[in-house]
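Here is how the chains run, residue by residue.
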Amino acid sequence: MLSVCLTFLLLGALISAIACRRPGIASAVFIASLVTGCLAGLAAVAKSIWAPTGSLDTFGEWSLPSARLAFSLDGLSAFFLLIVLVVCLLSGLYGEGYIRRSEGLARSKSVRPLFLLFTASMAAVVCAKNAVLFLFAWEVMALASFFLVVVEDEHAEVRRAGFLYLACTHTATLALLLLFSVLGHAAGTLDFDGIRSVMPSDGKQSGLLLALAFIGFGMKAGIAPLHVWLQEAHPAAPSHASAVMSGVLLKVGIYGFLRLIWMLRSVPDFWAVVLILAGLVSGVGGVLFALAQHDLKRLLAYHSVENIGIIALGLGLGCLGLSRHRPELALLGFAGAILHTLNHALFKSLLFLGSGAFYQALGTRNIEAGGGLLRAMPWTSALSLVAAAAISGIPPLNGFISEWLVYMASASALPLDSGGATLAAASIGGLALIGGLALACFTKAYGTLCLGAPRTDAARAAQDAPAAMILPMAALAALCAFIGLYPVPALSLVERAAAVVCDVPLDSARLALAGSAMNARRIGLIGFGVIAVGGALALVRLVLLGGRVSLGRTWGCGFTAPTPRMQYTASSFAQPLTGAFELVLGTHMRHQSPVGYWPGQAEFSTHTDDRVLDGFLRPVSSAIVSLLAWAKRRRSRLQHYMLAVALFLLVLLAWKL
Amino acid sequence: METLKFIASYLTIVLLAPPVMLGIINKTKAAVAGRKGPPVLQPLHDTIKLLGKGAVYSETTTWMFRLGPVVSLAAVIAAASLVPLAGAPLVSFNGDAILFAYLFALGRFVTVTAALDTGSSFEGMGASREVAFSSLAEPALILAFAGLAYRAGEFSLVRMFAPHGGLNSAASTILALGSLFVVLLAENSRIPVDDPNTHLELTMIHEVMVLDHGGPDLAFILHGAGLKLVLMAGLLVRLILPELPMLGSAGSLLLGLAAAAVLIGLVESSMARLRLVRVPQLLVAAICAATFGLILTLR
């Protein structure tokens, strides 16, 4: 079934590329191949759950040395394939509606084939069981996503973001190439099963492997400080592509980490330390930088960094369990990370899809240009509310369940020795801080955009998106609510994946996680309780009011002529927190204060640069460029170049001697 | 029969304890100031009066504004089912303490979005302060919980706040208690973080967020806020006060709640509200206390 899935997606990409001059045909081919391909893939996932075979599907020979077209669907691959297919299917269907309403995209010939190719490559990456195949699919995925980012390349900032992304993704690929060379050299084979069976469990070379994996997979996943491409590339890509990039592409990096842990079977202690520290930095840093943003998609991109931080905390706790031989802790940590991967894929893609609808209505991504959209765009706003609450970790939605699992993993790591307990306590405190700040950030973004009175003419005239865009979003919102209220099916899939990572039989994984699964179900029941009590209270309220309702103005403390411009802005809303964390954020403020009794002009604007990209990488690279330019000016004669080459050779010679 | 009696006493506490506790706080403040003060049951009368009134809604608002009071009260009631009010809680499991904290976050989320729905600058200001301060109160609350949970061996409220004979484990309990008391004052908008009595919109936090609510909506909000105070105070009481044999568990809890109300009244009479820029410092101090408590427990 997996071969059917990949074939349909790739064929669809080919035909829609050939038919690119006839948008009608291309669109029909796109929808047909996406739906059939994804359904076939989902059937493969279902088959691997009901009738697990565990054997490799080899699609024939490949003439590359030590390469095989080997795919298989174990619990881990099946889980990530599910994420890839569900999010890509819904985002792709939304994308059809989105492309039609967007002038720049409707002219583009490449967006449909690229999307299909991107989907197929991600599906191949998570199922590949051979390093060459993995890297091949990985590179196709990287290039397809690069071309998706630069689809609207008539804008200079899109091109800039594209090149940054290209540089980052190739750095990642380079690291992975080295990683698999080291593994392949040690094992003598490039098949994953082969590497796994040969790999000594004494953790030799694990420092080098961790460094390479951290660069390779961490760059793709967006773990701070390697997140630099996220906040530039997500705003540049078309919204349905950013939904897939944020929802799925980052998760492929997480999959890489999990697959590597599976291959190595045991990890040393310092992996846990590195992952938990990186998780804390990403989590707290991501949400703080998100608080300081005005661009909706940039804000969402920083939130991806935050959520990847939460996932990394879960991964770190899982590694802690593996290294201390505490299988329950390992299972709980990995289960939290894996479930949060799914949850984040659902609510973050929903948020990006919503941001696309808002962008088309407002013509800008600046949230300060919105206001009152809950009236003008009721469906998009209501569905985005579900996602905003879910990402803030609010019960009874799915985000809470996975954050709760990570909390429980941290709590069960507290009784370890002092090192483990310190990590666990840091992760508990970090999660609580992240939760509070995420709530602040999403009430800010949602309140400014959707609530209150419209701040601009565009917001006043906004129209809701068509059903083709609303329905996929509604499906994602329904999944968020379903996992929050009834987490049992999702958890049973998570148990399979975690059992594969920890290398324990499924039954014992089930047994170890049974208590947590039961309690998660209780959380769902309390969620139903909240809904039931809320419904009863709403009824009581209706009866008590009995229609005695009148309309008036918002209370303005006696001021009777308020205008929408007097509303609290997003920057003001976030100021208490951005002010408190000014040392971290380094926000630039530009203001011209009103002067005199009859002030004329006054203005105020803030901008928060990325600490790593704008604060470190850009200055360093521009220093290198200017150094080289200086060298070039000074040594522009051929003799000087030859002298330099000769000196270099001499140095090499001296070093070798 | 036992079950019925249990549920009846639970409901009584959920319905009656909040207004009475607020009444005792007001009575204490009046007594310290040398006034007679309103009767203890005044908050109950206020709530009943509000329930009988109609409502005025701003033209700017949507269903979000009407949803806020209903969901926030529902969330606090759900949190009440996790707290051992009448001897035992309705629901208890390993990890319910996290759910308890996050149910308050649900209430906060809908209250803040309802406030922003009015489009009023004042309510935006209150909402902004609320989310800023609570994002610092949350780590203090959960870290204090973590210390207690580690000692109890389970992350459930009923085990963590078991009446195990008072302050026997000394310093860590005192630190957890101190940080939880600060969180209680901050989360329930009491002095020194917020002043429930002020009428200056610019200085308030919680009250300013609900400026536009009236009628049954306001009654729901007031009751929810009171219940939140009862729940958090009830947990602290269970930690300090051993069960008194002649009163039973519910009785000793009520006595403890009355004592907590007097204590809060005394705090409010003896100090002024902090300047807003000082509030984060207080909350960070609470985080530090909770962390030290956790370290001492783990040692």
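Computed from a predicted model, the values in this text were never measured in an experiment.

### Re the overall build of chain A
Scanning chain A from N- to C-terminus turns up 26 helices and five strands. Relative to its length of 657 residues, chain A is compact, with a C-alpha radius of gyration of 26 Å against a globular reference of 26 Å.

### Focus on the overall build of chain B
Summing up its helical and strand segments, chain B has 11 helices and one strand in all. Order of helices (α) and strands (β) in chain B, N terminus to C terminus: α-α-β-α-α-α-α-α-α-α-α-α. Over its C-alpha atoms chain B spans a radius of gyration of 19 Å, differing by no more than 12% from the 19 Å that the globule rule assigns to 299 residues. Projected onto the principal axes, the alpha-carbon positions of chain B cover approximately 55 × 45 × 40 Å. Counting only residues that meet the buried cut, chain B has 59% of its 299 residues in that class. Sequence separation of 24 or more characterises 76% of the internal contacts of chain B that already satisfy a separation of 6 or more. When the accessible surface of chain B is summed, it comes to about 10800 Å², and 69% of that surface belongs to carbon and sulfur atoms. In chain B, which carries 19 positive and 18 negative side-chain charges, the distance between the mean positions of the two groups comes to 8 Å.

### Let's talk about the pattern of salt bridges
In total, this model carries 23 salt bridges over all chains according to the counting rule given. We note a salt bridge from Arg365 of chain A to Asp295 of chain A, for which the minimum N-O separation is 3.2 Å. One end of the pair, Arg365 of chain A, is in the loop between helix H14 (327-362) and helix H15 (373-376); the other, Asp295 of chain A, is in the loop between helix H12 (269-291) and helix H13 (296-323), with 70 residues separating them in the sequence. Judged by its relative accessible area of 17%, Asp295 of chain A falls in the buried class. Members of the salt-bridge network, linked through shared partners, are Arg108, Glu130, Glu138, Glu187 and Lys228 of chain B.

### With respect to the packing of H13 of chain A against helix H17 (residues 398-413) of chain A
Residue and element names in this part refer to chain A. Close contact between H13 and H17 brings their axes to 10 Å; oriented N to C, the two are set at 35°. Crossing of H13 against H17: the hand is left-handed. For the pair H13 and H17, contact is made by Ile310, Leu313, Gly314, Leu317 and Leu320 and by Glu403, Val406, Ala409, Ser410 and Ala413, respectively.

### Things to note about helix H6 (residues 131-149) of chain A
Residues and elements named next belong to chain A. Helix length check: H6 (19 residues) gives 26 Å between terminal C-alpha atoms against 27 Å at 1.5 Å per residue, within 8%. Of all 19 residues that make up H6, 14 are buried, and the element is covered over most of its length. Residue Asn130 occupies the N-cap position of H6, its side-chain oxygen lying 2.9 Å from the main-chain nitrogen of Val132.

### Examining unusual backbone geometry
Residues and elements named next belong to chain A. In this structure, the amide linkage connecting Ala224 to the following residue, Pro225, adopts the cis form with an omega of 5°. With respect to the helices, strands and loops of the structure, Pro225 is situated in the loop between helix H9 (206-221) and helix H10 (230-236). With omega at 5°, the peptide bond leading from Pro395 into Pro396 counts as cis. In this fold, Pro396 is placed in the loop between helix H16 (378-391) and H17. One non-glycine residue with positive phi stands out, namely Asp503, at about 60°. Its place among the elements puts Asp503 in the loop between helix H21 (488-502) and helix H22 (506-545).

### Overview of the side chain of Glu139 of chain A
Residues and elements named next belong to chain A. Considering the arrangement of structural elements, one finds Glu139 in helix H6. For the buried Glu139, no salt bridge exists, and the shortest N-O distance to an oppositely charged side chain is 7.3 Å, to Lys220. When sequence neighbours within four positions are dropped, the list of residues in contact with Glu139 reads His170 and Thr173.

### Some points on the domain arrangement of chain A
In terms of domains, chain A is made up of domain 1 (267-543) and domain 2 (613-656). Computed over C-alpha atoms, the centres of domain 1 of chain A and domain 2 of chain A are 48 Å apart.

### Considerations on the interface of chain A and chain B
Each partner contributes to the interface: chain A provides 66 residues, whereas chain B provides 66 residues. Both sides together, the interface formed by chain A and chain B hides about 5700 Å², and carbon and sulfur atoms give 75% of it. Of all residues in chain A, the largest losses of buried area upon contact with chain B belong to Ile526, Arg541 and Tyr568 of chain A, amounting jointly to 11% of the total for that side. Counting across the interface, chain A meets chain B through one salt bridge. Counting across the chain A and chain B interface gives 21 residue pairs in polar contact (both at pLDDT 80 or more).

### Some points on the packing of aromatic side chains
A full pass over the atoms with the stated rule returns 22 aromatic pairs over all chains. Cluster of aromatic residues (ring-pair linked, three or more members): Phe134, Trp138, Phe180, Phe192, Phe217 and Phe257 of chain A. In this structure, Arg259 of chain A is placed above the aromatic ring of Trp262 of chain A, and the distance from its NZ or CZ to the ring centre is 4.5 Å. Across the ring face of Phe104 of chain B, the terminal group of Lys228 of chain B is positioned such that the distance to the ring centre comes to 5.2 Å.

Rules behind the numbers
- Residues numbered from 1 in each chain as written.
- Chains lettered and ligands numbered in written order.
- Predicted model: local features only at pLDDT ≥ 70, side-chain atom pairs only at ≥ 80, totals over all residues.
- Heavy atoms only, no water.
- Helix = DSSP H or I, 4+ residues; strand = E, 2+ residues; numbered from the N terminus.
- Rg over C-alpha atoms; globule rule 2.2 N^0.38 Å.
- Buried < 20%, exposed > 50% of the residue type's maximum accessible area, 1.4 Å probe, protein only.
- Contact = heavy atoms within 4.5 Å.
- Areas by Shrake-Rupley, 256 points an atom, 1.4 Å probe, with all protein chains shown as cover.
- Lys, Arg positive; Asp, Glu negative; His and termini not counted.
- Charge placed at Lys NZ, Arg CZ, Asp CG, Glu CD.
- Salt bridge = Lys/Arg side-chain N within 4 Å of Asp/Glu carboxyl O.
- Axes fitted to C-alpha atoms, helices over the stretch in contact; angles between N-to-C directions.
- Left-handed = near helix turned anticlockwise from the far one by under 90°.
- Expected span 1.5 Å × (residues − 1).
- Polar contact = N/O pair within 3.5 Å; in protein donor to acceptor, adjacent residues only side chain to side chain.
- Domains from an automatic or database assignment.
- Buried area = accessible area lost by both parts, 1.4 Å probe.
- Phe/Tyr/Trp six-rings, centres within 6.5 Å; stacked < 30°, edge-to-face > 60°.
- Lys NZ or Arg CZ within 6 Å of the ring centre and 35° of its normal.

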